[in-house]
Amino acid sequence: MTLADLPLLAIGETGTHRAICPHDCPDGCAMIVTVEDGRATGVRGDPDHPFTRGGLCVKVNNYVDRVYSPDRVTTPLRRTGPKGSGRFEPISWDAAIAEVTTRFRSVIAEHGAEAVMPVSYLGTQGTLNGLNVGDPFFNRLGATVAERTFCDSGASTAYVMSLGPTAGVDPESLVHSRYIVIWACNMVSTNLHLWPFVMEARRRGAKVVVIDPVRHRTAKRADWHIPIRPGTDGALAMALIHVILAEGLTDAEYVAEHTVGVEDLAERTRDCTPEWAEAETGVPAEDIRTLAREYAAAQPSMIRIGVAIERSSGGGQTVRAISCLPGLVGAWRKPGGGLLALPLWAFPVNWDELSQPQLRPEGTRVVNQYLLGKALSGELGLDPGIHALMVYNANPVVVCPDQERLVAGLAREDLFTVVSEQFLTDTAQFADIVLPATTQLEQLDVMFSWGHFYLGLNRPSIAPVGEAVPNTELFRRLAAAMGFDDEVFTLTDEELIERAYDWGAPALQGITPKSLAKTGWARLTLPDADHYAPHDIGGFPTPSGRQEFASSAAAGGNFVLPLFRQGSTESQPGGVVDPLPHYIPPAGASAAYPLHLVSPKAHAYLNSTYGNLPAQQRVQGEPSATVHPADAAERGITDGTLVRVFNQRGGFLVRVAVSDEVARGVVLAAMGQWRSQAEGLATVNAVNPTEFADLGNAPTFSDTRVEVEPA
Ligand SMILES: Nc1nc2c(c(=O)[nH]1)N[C@H]1C(S)=C(S)[C@@H](COP(=O)(O)OP(=O)(O)OC[C@H]3O[C@@H](n4cnc5c(=O)[nH]c(N)nc54)[C@H](O)[C@@H]3O)O[C@H]1N2
Ligand SMILES: Nc1nc2c(c(=O)[nH]1)N[C@H]1C(S)=C(S)[C@@H](COP(=O)(O)OP(=O)(O)OC[C@H]3O[C@@H](n4cnc5c(=O)[nH]c(N)nc54)[C@H](O)[C@@H]3O)O[C@H]1N2
Ligand SMILES: [Mo]
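All values reported here derive from a predicted model rather than from experimental measurement.

Moving on to the nonpolar core. The biggest cluster of nonpolar side chains holds 167 residues, and the ones touching the most others in it are Trp183, Leu389 and Tyr501. Counting residues per element, this core draws most heavily on helix H8 (residues 233-246), at 9 residues. Apart from the residues within four sequence positions on either side, Tyr501 is in contact with Thr127, Phe347, Pro348, Val349, Asn350, Val446, Met447, Phe448, Leu455 and Leu508. Judged by nonpolar contacts, the second largest core, of 31 residues, contains Ile91, Val100, Ala143 and Val469.

If you want it as structure tokens, here you go:
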């Protein structure tokens, strides 16, 4: 019997079940779950899934240990000690729901509904239980709209300005690439299942280039690592455009037929010489010329941009500049050529069905979650201020910047905080009420991916642990208790699945919830990866139908896509945007804080998820800050020294790893460690800034200056 013929088992039935990994990761792996007598005993990767290929990762291999961890929250909890003390007593669901809705009602009566703010992100990226699960409830309540631009909002705005909302290339087509540029992405840690496709391309003769301030796991395996100063990639991209145009390396026919604005682009990049870019980026001018020539000559060539590109003052324009490159050299012509960013657009998700923006009172204010610390401390001057907070699918204490201020805000005795969680995270520790959430093995969901073209159905394989409930059920209970009788609050998960997608869309031909229940997952109805070059003859979903070097969408000013803002599409204030890409240098250089900090993902954690679990902690090792030997010597720091990394916003304590894996002037400290387990009760997000990047209100985690001193 092959896996395709797996019988459909009942929840808890002994045998082999299917699931899809819930995490906010491009890989979206298909999992096989073994269950014995109602208890899950193991998970493994589905060998038949063309992207999962039978393997999971260090985060998820022992997922059942997460499910049955003694630290799981299994009942609703009520705070018994001071805020943040972590002292709670179990209470019933009825009591918990009653307390939450009573408190919400009294906050609304006293301050208005906008005094309630939801905070959520992608603890699970399930279509039902993920990004939008609380939106209908909070829209109906009239709560402050939480803008969620943590991840890829800036890059997506830039991408749409250049190329339109196209799903773009098939990641599996990378096997056909002749030249692969991995730009600000530590693929071996963060997109592991794409790596075999890169390796296959290399076996067929491709060259693999990594552009990153850090010589990480991926860079070490590449043919060429180009270290670069953080936040200066825009200068490199502008210089690559300059060389390609100046040396006549373009695909002139492609440029003439399928792009607009090349003359303006040439004018704009005229002075962006490799020598100019060398001074900005630290990349030798000759290397820039070589990269431009090789990239243009080896067709099809592919650029995979990581999310970190957007995380600097000029991150949006950097993505704009990089996205010009495939059009200039005609990389789109063949499978394996183009730009790989966010294949999510291929999935016909009915986002408005999920978030129900029409339930929201007109003019409801929008507050960005990135500014949560300032919002809670009163520093944004919000009127009304935030008096009730509900956090689900997120751990803001670890993932937001401005950690000190955020913690001080959460410690406000007058703030009522509800957290739905699997564990007592750093954020949950500050809750008044904690509500137990199911894991992926305990809930039903449909799973899209932002890294491949397979839609998956995750059926529950075991009954909920303790009294945990899926997020969908949580909001049904809250809506009922608030007396909301709109239809959306009465729908079962099965009914929500029917509405969550446009099942009649061309991409879903022959795919139904029922067929997915049988097969577990299915490839969207697209040409196979060996024959899929979506823009071989243009066909970009832009106003001109062409790739826009000079963007017509930019004329409307800066914007946040509805996906990151619950359907609201107002432009940003002061958002005038130059239609041509340009270089905006990183901000914040100062004599007091000369080192440039990057805080990318931890290898063994998923953002802060797993940061508390022993097996993953062992793999990740002790938190550290990597400093270049020359920078260490100047400060009298040696390997293993306990140091304070700090700036005007705060500081945190870590051991130093002295290594030339980081460029001179760069400090590397991965995010994900829990604050409650950190020496000195602070993590890297204590020093990160609250400024937005130029486009899409992206964070500027890579635009952080610090000093390092022995503690
Ligand atoms: N193991 C693991 N995998 C994950 C996650 C995780 O936490 N752990 N998180 C998931 C999520 S939510 C996301 S968004 C993705 C993100 O995955 P990636 O796109 O890989 O993003 P990051 O890990 O943030 O950063 C990648 C690289 O960018 C570099 N970098 C930082 N600033 C700059 C810069 O200015 N220029 C250049 N050229 N490079 C820079 C960093 O040194 C780092 O090596 O990973 C997903 N997968
Ligand atoms: N310094 C720095 N900061 C960063 C980043 C960075 O690279 N550097 N990356 C940014 C990026 S790209 C992202 S995506 C964000 C990530 O930010 P978050 O999405 O907040 O990521 P996590 O820390 O993983 O927190 C998710 C929480 O959801 C919980 N959870 C999981 N499943 C469920 C469920 O089904 N129901 C409920 N109720 N809860 C659940 C998990 O236990 C976990 O505590 O962080 C951002 N912050
Ligand atoms: Mo992310």
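Still to come is the rest of the account.
Here the residue pair Gln299 and Pro300 is connected by a cis peptide bond, since its omega of -5 degrees sits within 30 degrees of zero. Looking at where Pro300 falls in the secondary structure, it is placed in the loop between helix H12 (285-297) and strand S12 (301-305). Going from Asp383 to Pro384, the amide bond is cis rather than trans, its omega being 0 degrees. Here Pro384 is to be found in the loop between helix H15 (372-377) and strand S15 (388-392). With phi around 50 degrees, Asp37 is a residue other than glycine that occupies positive phi space. Assignment of secondary structure puts Asp37 in the loop between strand S2 (30-36) and strand S3 (39-45). A positive phi angle, close to 50 degrees, is found at Leu681, a residue other than glycine. Inspection of the secondary structure puts Leu681 in the loop between strand S26 (666-668) and strand S27 (704-710).

Turning next to the side chain of Thr318. Counting through the fold element by element, Thr318 comes out in helix H13 (residues 315-329). At 3.5 Å, the side chain of Thr318 and the backbone nitrogen of Gly234 are in polar contact. With residues up to four places along the chain from it excluded, the contact list for Thr318 reads Asp233, Gly234 and Ile309.

Right, let's get into the sheet that holds strand S1 (residues 15-20). Spatially, 3 strands are ordered S1-S2-S3 in an open sheet, and the strand pairing comes out antiparallel. Each of the sheet's edge strands pairs with one partner strand only, and the pair in question is S1 and S3. Along the sheet, successive strands turn relative to each other by an average axial angle of 30 degrees, direction set aside. Examined bridge by bridge, S2 and S3 share 6 bridges and lie antiparallel to one another.

Partitioning the chain into domains gives domain 1 (3-67), domain 2 (77-151 + 365-505), domain 3 (168-341) and domain 4 (595-710). On a C-alpha basis, the centroid separation for the pair domain 2 and domain 4 is 28 Å. Counting from both sides, the interface comprises 22 residues of domain 2 and, opposite them, 27 residues of domain 4. Roughly 1900 Å² is buried in total at the junction of domain 2 and domain 4, and carbon and sulfur atoms are behind 55% of that figure. The largest contributions to the domain 2 side of the interface with domain 4 come from Tyr370, Val398 and Gln403, which together make up 31% of the buried area. Applying the counting criterion to the domain 2 and domain 4 interface returns 0 salt bridges. Where domain 2 meets domain 4, there are 14 residue pairs in polar contact (both at pLDDT 80 or more). Classifying every residue of the side of domain 2 that touches domain 4 by side-chain character gives 12 nonpolar, 5 polar and 5 charged.

Remark: helix H2 (residues 93-111) packs on helix H18 (residues 471-482), axes separated minimally by 10 Å, with the N-to-C direction vectors making an angle of 60 degrees. By the angle class used here, H2 and H18 are oblique. In this structure, H2 meets H18 at a crossing whose hand is right-handed. Only Leu474, Arg477, Leu478, Ala481 and Met482 of H18 make contact with H2, whose side of the interface consists of Trp93, Ile97, Val100, Thr101 and Arg105.

The next thing to look at is the pattern of salt bridges. Note on pairing: side chains with opposite charge can pair once their charged atoms come close. Evaluated as defined, the whole model comprises 37 salt bridges. Across the pair Glu442 and Arg72 runs a salt bridge whose closest N-O atoms are separated by 3.0 Å. In this pair, Glu442 sits in the loop between strand S17 (433-436) and strand S18 (445-447) while Arg72 sits in the loop between helix H1 (63-67) and strand S4 (77-79), placing the two residues 370 residues apart along the sequence. Side by side, Glu442 and Arg72 carry an identical accessibility label, which is buried. Note that Arg476 is salt-bridged to Glu473, the shortest N-O span being 3.0 Å. With a gap of 3 residues between them, Arg476 and Glu473 both fall in helix H18, about one helical turn apart. Arg476 gets classed as buried once you look at its relative accessible area, which sits at 19%. Given a relative accessible area of 21%, Glu473 falls into the partly exposed group. What emerges from the salt-bridge pattern is a single network uniting Asp631, Glu634, Arg635, Arg664 and Glu707.

Further remarks concern the site of ligand 2. Of all residues adjacent to ligand 2, which total 31 residues, the nearest are Glu421, Lys601, Ser608, Thr609 and Asn685. Between ligand 2 and the protein, one listed contact pairs an oxygen atom with a backbone N or O atom of Ala394 at 3.4 Å. Contact between ligand 2 and Asn685: a nitrogen atom at 2.5 Å from a side-chain N or O atom of the residue. Burial of ligand 2 by the protein chains amounts to 98% of its free accessible area of 940 Å². For the shell around ligand 2, the class distribution of residues is 10 nonpolar, 16 polar and 5 charged.

This part is about the environment of Thr626. Note that Thr626 resides in strand S23 (residues 624-627). Spatially, the C-alpha atoms of Thr626 and Leu474 are 42 Å apart, while their sequence positions differ by 152 residues. Look past the residues within four positions of Thr626 in its chain and what remains in contact with it is Ala657, Ser659, Val662, Val666, Val667 and Leu668.

If you check the shell around ligand 1, you find 33 residues, and the closest are Asp212, Asp233, Tyr605, Asn607 and Ser702. One nitrogen or oxygen atom from the side chain of His216 is found 3.3 Å from an oxygen atom belonging to ligand 1. Here an oxygen atom of ligand 1 and a backbone polar atom of Lys601 are 3.2 Å apart. Computed on the free molecule, ligand 1 has an accessible area of 910 Å², of which 98% lies beneath the protein chains in the complex. Grouping the constituent residues of the shell around ligand 1 by class yields 18 nonpolar, 9 polar and 6 charged.

Position of His628 relative to the elements: it lies in the loop between S23 and helix H22 (629-634). Taking the relative accessible area as the measure of exposure, His628 reaches 17% and is therefore buried. A polar side-chain atom of His628 sits 3.1 Å from the main-chain amide nitrogen of Ala630. In this view, His628 contacts Val658, Ser659, Asp660, Val662, Ala663, Arg664 and Val666; residues no more than four positions away in its chain are not counted.

When two helices pack together, their arrangement is given by the angle between the helix axes and by the axis-to-axis distance. Axis separation between H8 and helix H10 (residues 262-269) bottoms out at 9 Å; the angle between their running directions is 115 degrees. Classified by the angle their axes make, H8 and H10 are roughly perpendicular. Note that H8 runs across H10; the crossing there is left-handed. Contact with H8, carried on its side by Met238, Ile241, His242 and Leu245, involves Val262, Leu265, Ala266, Arg268 and Thr269 of H10 and no other residues of that element.

Reading guide: rules and limits
Residues numbered from 1 in each chain as written. Chains lettered and ligands numbered in written order. Predicted model: local features only at pLDDT ≥ 70, side-chain atom pairs only at ≥ 80, totals over all residues. Heavy atoms only, no water. Core = buried A, V, L, I, M, F, W, Y, C linked by side-chain atoms within 4.5 Å. Buried < 20%, exposed > 50% of the residue type's maximum accessible area, 1.4 Å probe, protein only. Helix = DSSP H or I, 4+ residues; strand = E, 2+ residues; numbered from the N terminus. Contact = heavy atoms within 4.5 Å. Polar contact = N/O pair within 3.5 Å; in protein donor to acceptor, adjacent residues only side chain to side chain. Pairing = 2+ DSSP bridges. Axes fitted to C-alpha atoms, helices over the stretch in contact; angles between N-to-C directions. Domains from an automatic or database assignment. Buried area = accessible area lost by both parts, 1.4 Å probe. Salt bridge = Lys/Arg side-chain N within 4 Å of Asp/Glu carboxyl O. Nonpolar A, V, L, I, M, F, W, Y, C, P; charged D, E, K, R; others polar. Parallel < 35°, antiparallel > 145°, perpendicular 65-115°, else oblique. Left-handed = near helix turned anticlockwise from the far one by under 90°. Near = heavy atom within 4 Å. Areas by Shrake-Rupley, 256 points an atom, 1.4 Å probe, with all protein chains shown as cover.

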